[in-house]
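So you can see what is in the structure, the chains are spelled out below.
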Amino acid sequence: MFGWEFRREHETYLHVTSTAVAMGFVAGGASSQPNLYYHVDDIDKAVERVRELGGGTGEIYESKSGRGCSCTDDQGTEISLWQPAPGFA
């Protein structure tokens, strides 16, 4: 419908390659809200900060598009952090 082109970056992640805004889709589970990815300069520091503020974090994972981490804030809202690899914005 939107003319998007995709590239599989991880076993559960499809990166949309044809948009100026970095975005993608995660397979599995239905959700009533989108999972927002926040661009960070240093994933290790950002994950540490989530924990300091009372949030939860998964394991940091790596893909062609960079390093990411699924997190929850201190109220249980799911978000993701992403540190792009060179060439991704």
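Structure shown above.
To start, this report covers the structure provided alongside it.

## Here we look at the sheet that holds strand β1 (residues 6–10)
Turning to step 1, where the next piece is worked out: Here 3 strands make up an open sheet; going across it, the order is β1-β2-β3 and the pairing antiparallel. Edge strands, defined here as strands with exactly one partner in the open sheet, are β1 and β3 (23–26). Adjacent strand axes in the sheet meet at a mean angle of 30° when their direction is disregarded.
Turning to step 2, where the next piece is worked out: Both strand β2 (residues 13–16) and β3 contribute to a ladder of 4 bridges, which runs antiparallel. Looking across to β3, one finds that L14 is bridged to F25.

## Focus on the layout of surface pockets
Take a probe with the size of a water molecule and roll it over the atoms, and the empty space left behind shows itself.
Turning to step 1, where the next piece is worked out: The calculated volume of the largest pocket comes to roughly 450 Å³.
Turning to step 2, where the next piece is worked out: Along its surface, the largest pocket is lined by 24 residues, and Y13, V26, N35, Y37 and S80 are the ones closest to its centre.
Turning to step 3, where the next piece is worked out: Put simply, the parts of the chain that give the lining of the largest pocket at least two residues each are β1, β2, β3, β4 (37–39), β6 (61–63), β7 (66–72) and β8 (78–84).
Turning to step 4, where the next piece is worked out: Here the element with the most residues in the lining of the largest pocket is β8; it accounts for 4 residues.

## Brief notes about the side chain of S63
Turning to step 1, where the next piece is worked out: Position of S63 relative to the elements: it lies in strand β6.
Turning to step 2, where the next piece is worked out: Judged by its relative accessible area of 19%, S63 falls in the buried class.

## Overview of the nonpolar core
Turning to step 1, where the next piece is worked out: Of all hydrophobic cores here, the largest spans 8 residues; its members are V40, I43, A46, V47, V50, C69, C71 and L81.
Turning to step 2, where the next piece is worked out: For this core, the elements supplying multiple residues, two or more each, are α1 (43–52) and β7.
Turning to step 3, where the next piece is worked out: For this core, the element with the most residues is α1, which contributes 4 residues.

Calculation rules
- Residues numbered from 1 in each chain as written.
- Predicted model: local features only at pLDDT ≥ 70, side-chain atom pairs only at ≥ 80, totals over all residues.
- Heavy atoms only, no water.
- Pairing = 2+ DSSP bridges.
- Helix = DSSP H or I, 4+ residues; strand = E, 2+ residues; numbered from the N terminus.
- Axes fitted to C-alpha atoms, helices over the stretch in contact; angles between N-to-C directions.
- 1 Å grid on protein atoms, 1.4 Å probe; cavity = no way out; pocket = protein on both sides within 12 Å on 5 of 7 lines; lining within 4 Å.
- Points joined across faces, edges and corners; volume = space filled by probe spheres on them.
- Buried < 20%, exposed > 50% of the residue type's maximum accessible area, 1.4 Å probe, protein only.
- Core = buried A, V, L, I, M, F, W, Y, C linked by side-chain atoms within 4.5 Å.

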